[in-house]
Structures are given as structure tokens and as C-alpha cells.
Amino acid sequence: MKKVYKTLGVFLAMLLGVACSDSLRTESDFLDKAPDDLKQEEDNNPFWDWVGTFPGWIDAGLERVDYVPVLIDGCYTKVDRESRIGFAETPWFSTGYYAAPGEWITIVKPSRLKTTVSWRIGEWKCELEDIATLQRYGKVYETGRFTGDTMRVRSWFGGHIYILPDEPFVRPETFMLKGGVKSPDFVAGQTDVTQWKESVKNTSLPYAELIGKHTIWTLPVETLQKIADPEGLLALYDDFIENDFWAIHGLSQAGLGVNKAPDFPVRIVQDLQLCNGRASHTGYPIVIDKSEADLGTDVDGMRSTSVAWNFFKELGHNYQTWCWSWAGVKEVVNMLPYFHARARLLGQWPTVRDEKNESDRGVLKWKEYIIPEYVKVKNSSKNFDESTTDLGKVIASQNGRMMPFIQLAQQYGWGLYAYLGKYSRNMLESEHAKILKILNSNGRRDFFCKRVCEYAGVNLMPFFDAWGIVYSPAAARDMRQYPDYTGEKFWENWEVSRMPEENSGDIVPAIQLADDNYNSMSDVVDQTLWVADSSSPSTANPQNVCNGKVTSGNEEDNTIYWFSESVSRPNYNKNLWVCVDMRRQFILTEFGIKFRSHTGRWGWAPEKLSIQLKNTPEEEWGEPIELTAAKVRTMQYIALPSEQTARYMKVNFLQGFSEGNSTGAVFIDEIGAIARPAEVNDVTEENDFPEWK
């Protein structure tokens, strides 16, 4: 049996002033039915059955407050846009109250407060717009601006109530709130543990919060009931952030400007289902699913087992310094704080995540496997970033790509990474950082290699060569300004018991290597700034490519794609095209395309296509450059007959891979290029440093 929420229900919701998704929802009949004592609420809420599935109903008899004061300490420091880390969101400030599903909440802000302020009901940020099987409704939060001093707001799904100031307050401000239910939150240093455990045990609210100095956890009450030592748990996370994340990246509360650590807490929210289809994702808030519930429960487990892996993984992405996080190591160097924490607290390295998985032995296999089978192998085509050759499969196993970064820490101390972070943030010539933002790999690898040589005071090209970390001829010329390394080949050895020295990374290099030649080689372009502004008719979902994106910028996000109207094959009987504004002039050497990977409809995938180029909107499109694509599902790059300089690109899809009598659509996942910027000063300011995702 199928359950369908008709358009009428959504139309009623819109009439009542609540923005809910207007798409039809079809789902297996697993939805809970409301208890008899909640029948009135069920009759008034068109999404009531969904509420019962997630986040859950609350007791109708719980006290709703009547204009209580709520102190919001909205004093915080905005993260500098030049910090080159991913803290760009406006923080949410908890009111300590929960909105019942569908019930009106009145919030009154101080009339003297002139800062633009928003409200939010619901901590679950993921919108499940393109998920085949929904475990919960697609959007379960509401948010909006204060358009006056008093706002009357609600969400059909309920949730915690938050205040979001666009700019920091100059002093804590008192808001008034009516209609919410007091949440049994634990605030470190304030809440009595015994009383809190009793309140969590007896509440009918589905969620509550653990609030520490540097983290806020919003978790189901059944998870919170498992926590024996909330004070110790929050203190442990404060310790992780100050002494691992900040230490690795050269940040501190006393730091000045771009080197000041974020002073508002990280938020972590548990959800039933995530928009990326995985167990966790980065951002603000970090989101975990129910399989990760133990992340916030056990102090000893977090210190000494792999339970904390996804916390470090996702928060590591938030802190990641993109100037040297090239494409091949984005999912590697984000874990440096985890390795730092295990070395600092336990004097040992993390080994395995899964005791039953023999292919996941990590550091236990580095000496006997990674070194002889990869590091010591002489091969001029060795490439640290690839995973398909025999050598690539070796380095892709046993967490092998982490090994050179730990070897460098053993040799030169953890301060190397603080130096990399500080240098990234302190780059005064911003056009060099713009180049690194555009170039996914080559420029960032060069940046990394040069900074390592500066910190070590020697030319470490033999180290990079042994690991297949590819650098440009320009970077090689720069690195040769330092004396050759003459010590033992530490990269051919692994001492599992050797813990790196703790140092600050505050050095003045003997020779400052150049930052003005990162654009000497073409590279895979970061397309997150590109805009697909028009296309031939498309029946794609609302987040398709012709609505403004050619990629999500996140390999875990498969919701951004384009598909055409129905056509015959192999020669398409309609003109199919997409126009892309690359936001600046590039010197293009290769065109990139990725077919939609899960359709299984190879017949319509475009084997024959062409691109047309121009530099200004007023120009006519250039002559078509005809290209032939391969029948592969991964991103492929097709060489152009010669270098082409352009800002605008029109992609024409001409012919599918095979013949057939039926009709179908052309699906495209991603459009890209290998190129180098022709100029570095032609991008608008607001797009220079988009939020890292």
C-alpha cells in the first residue's frame, strides 16, 4: 500500500503561512498513527503522520510558557573570510525551548536591537529533495527574518527554537518567548547532573541539547539517557578542539585576525536520514545519522576507540585549509587532528576502524606493506593521487595516503601543519590564493611542497618523488634554492612508536619561495563558482544544472544534475545544449564531462558532442569544436585540438552511443575543464572565497 500526501494538504500548509515542500510525497505505508489523545493536533496538521515518524509527537499536556525572558548571548567574532577555513555560517543561538509540532510560537526581540535577526524552528538541516525512499519528510524545519519586533511563527514538525543574528551583538540581549516547551538541556558548568538525568528520563520531547564551550550536541533523548558523564564528555570535546584542531591548524583564542580560532561552538545534530545518503556530513551543523549515535555518549570510547572517527572526519573538513588540500587528499588530511589526538592522549596511532576487515589494518601494515610495495618502488610515473594502477591500489589501501603526512610530523614536528595553516591565512597577495582556489590540485600540491621545504630548511624533492607527490617544473626550480636533504631516507622507514614533537610552527624561513607561479600548469578547475545559466528544455528536478550549478562541489552529494527532454537515438532529433559562465577567462586545454552514473541508459549518453566558446556575452559563439566521449561513468577529460581562451562555453549534445527505437533523456552529472586562469582579477568580490563544502 502507498501513502500519498495530496497537493491539497500542502496548499493548506502554504495558506497557513508555513513554507513546506510542494512536491507530492509517495512512500511505503510505515507512518505511525497518532495516539487518540493527540487526535485534535492530528486533525489540524496536514503532516501529522510524518511528525510521528520524525521527529516525533510531544505530550499535549506539557506546559507551554507564556512570555518568558530568554537571554541570547549573540556576542561572537565573525570568522575572517581570508582565514581559508570553512567556518562561514552564522551561528545559531539556542533559546532552550522546543516548539510543539504545528503550534504557534511568539518571539519578541528587543526594540533597541537594530541588527538583522532570523528565527529558526528545527535543528535538522538536510532537505531530502532527491531521495528515492524517504524515512522522514523532506524538509522538517522553518526559518525566516524578523520583519518586526514581534514574530508569530511555527513549523508543522516542531523542533528547538533558535535565534540567528546576521551580525554579532554588542551585548547579550533579552528576547521574550511564548508557546515553547522547556527543553531538558545540559549546560556544562551550570546544570546539575542528577537533576538533568531525571529530566531527560521523564521528558516526552524527542530531542534535547548538550551545550559545552566548543560543541553543542542536539541528540534524541534515548541517546542522551545513555550518557553517564555529560560534563566529562563535553570537556573531552573542548579538549579535542583546543588541543588538536586548533593546534594542528595554528589557531588560538589569543590569535590575531585570521589566526584567531572561531569563538562560537560547533554544532552536531543527529538526524534520521541525511541528504548525502551517508552516515555523516560536514558543515554547520555537522549532521550524523542514527548509526553514529554513540559519538556523543561515552568518554572512554571517544578517547580510545574508533567511535570518534566521523566526528574528526567532518569537523576536520570544516577546519581544512584549502590552499594545500588538493583534490587527492581532501579526505586524508582532514583526519590529521584525529591522529594528533591519539598520539597526544594515548601515545599511539589509530589502527583500525573495523576489527573484522583485514584490509583495514592502517599503521600496522605501513612498514611491511606500504613501504616495500610503494615507497621503495622506482617508477617515474608514480602518482600519489591515482588509485587504478597496481601502485595506485597499494597507496589507496591501509589508509596509506596518511603515511607521508605522519612521517613529516615525526621528522619535523606537528608545527609543520600549523605553519601551513598560518601561511595560508597570512598570504598578503590575495591573487595567489585565488589561483589556488581555482586549481584543484597542481597549484595546491606546489604550495604544499614549497612550504614543507621552507619549514624543513632543505630540498625534500626526494621525499615527494618517493611518494609520487607530483610538483611542477616551476616548483622544482624554487625548491632547489634550498640545500639538498642529506639525512637518512626517513620516508623508507616507519617507527610506529615514535610520536611527533609538539611545536608551534612559528618560524621565519631562510628563503621565502615564490607564490606567483602556481598558474604555470593547467589543472582540473574547481567549478563551484561556475553558473549554468541556460539550456535547452529540461524536465530535471529543481536543483538541476540549468538552474545554476554544474557541480555540487561535494563528492558525497549526487543531487545536482541535468537531463534533457525525451529524444530519439543515436542522432538526437532535438537540439540539446547547456550554456556555462565560467566566471572568468580560462585558457582551456581539455573539456570534462561526467554522465549520470545511476541511470543505466547508455544508449542516450552523448558519444558525440561539441563545444562553442566566447569571451563576452555580446560576442557570437565560436565555431563548434567537435569531441568524442568515452563510454565511462567517471569524470573524463577530452583534449581540445589547441588551447582555447574563453569565459563562456556552450555544450552541444549531438549523438548517443547506440541505436534504438525508443525515446529517452540525456543525463549529465557534471561539466568541467582542465585549464589555467587567463586573468586573476576579473571575479567579483563575493565569489572570491565561497564557503568550503
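Residues numbered from 1 in each chain as written. Predicted model: local features only at pLDDT ≥ 70, side-chain atom pairs only at ≥ 80, totals over all residues. Heavy atoms only, no water.

A.B. asks: Before we move on, can you summarise the packing of aromatic side chains with the specific residues and values?
C.D. replies: Within the structure shown, the criterion is met by 59 aromatic pairs. Aromatic side chains Phe-384 and Trp-467 sit 6.3 Å apart centroid to centroid with 85° between the ring planes, which places their arrangement in the edge-to-face category. Separated by 83 residues along the polypeptide, Phe-384 in the loop between helix H11 (366-375) and helix H12 (390-395) and Trp-467 in helix H17 (residues 461-467) bring together distant segments of the chain. Looking at Phe-384, the relative accessible area reads 0%, which means it is buried. Ring centres of Phe-447 and Tyr-518 lie 6.2 Å apart, and the angle between their planes is 55°; on these two criteria the pair is classed as tilted. Of the two residues, Phe-447 sits in helix H16 (residues 442-456) while Tyr-518 sits in the loop between helix H18 (473-479) and strand E18 (523-524), which places them 71 residues apart along the sequence. Its relative accessible area of 2% is what places Tyr-518 among the buried residues. Here the basic side chain of Arg-451 rests over the ring of Phe-447, its NZ or CZ set 4.9 Å away from the ring centre. (Phe/Tyr/Trp six-rings, centres within 6.5 Å; stacked < 30°, edge-to-face > 60°. Helix = DSSP H or I, 4+ residues; strand = E, 2+ residues; numbered from the N terminus. Buried < 20%, exposed > 50% of the residue type's maximum accessible area, 1.4 Å probe, protein only. Lys NZ or Arg CZ within 6 Å of the ring centre and 35° of its normal.)

A.B. asks: Describe the pairing of strand E15 (residues 266-270), listing the residues and the values that go with them.
C.D. replies: A regular strand places its side chains so that they alternate between the two faces of the sheet. Most of E15 sits inside the fold, with five of its five residues counted as buried. With burial as the criterion, each face of E15 is covered, one bearing Val-266, Ile-268 and Gln-270 and the other bearing Arg-267 and Val-269. Bridge analysis of strand E14 (residues 215-220) against E15 gives four bridges, and the strand direction is parallel. By the bridge assignment, Trp-217 is partnered in E15 with Ile-268. Sheet analysis places E15 next to strand E17 (residues 286-288), joined by three bridges and oriented parallel. Within E17, the position partnered with Gln-270 by the bridge is Ile-288. (Pairing = 2+ DSSP bridges.)

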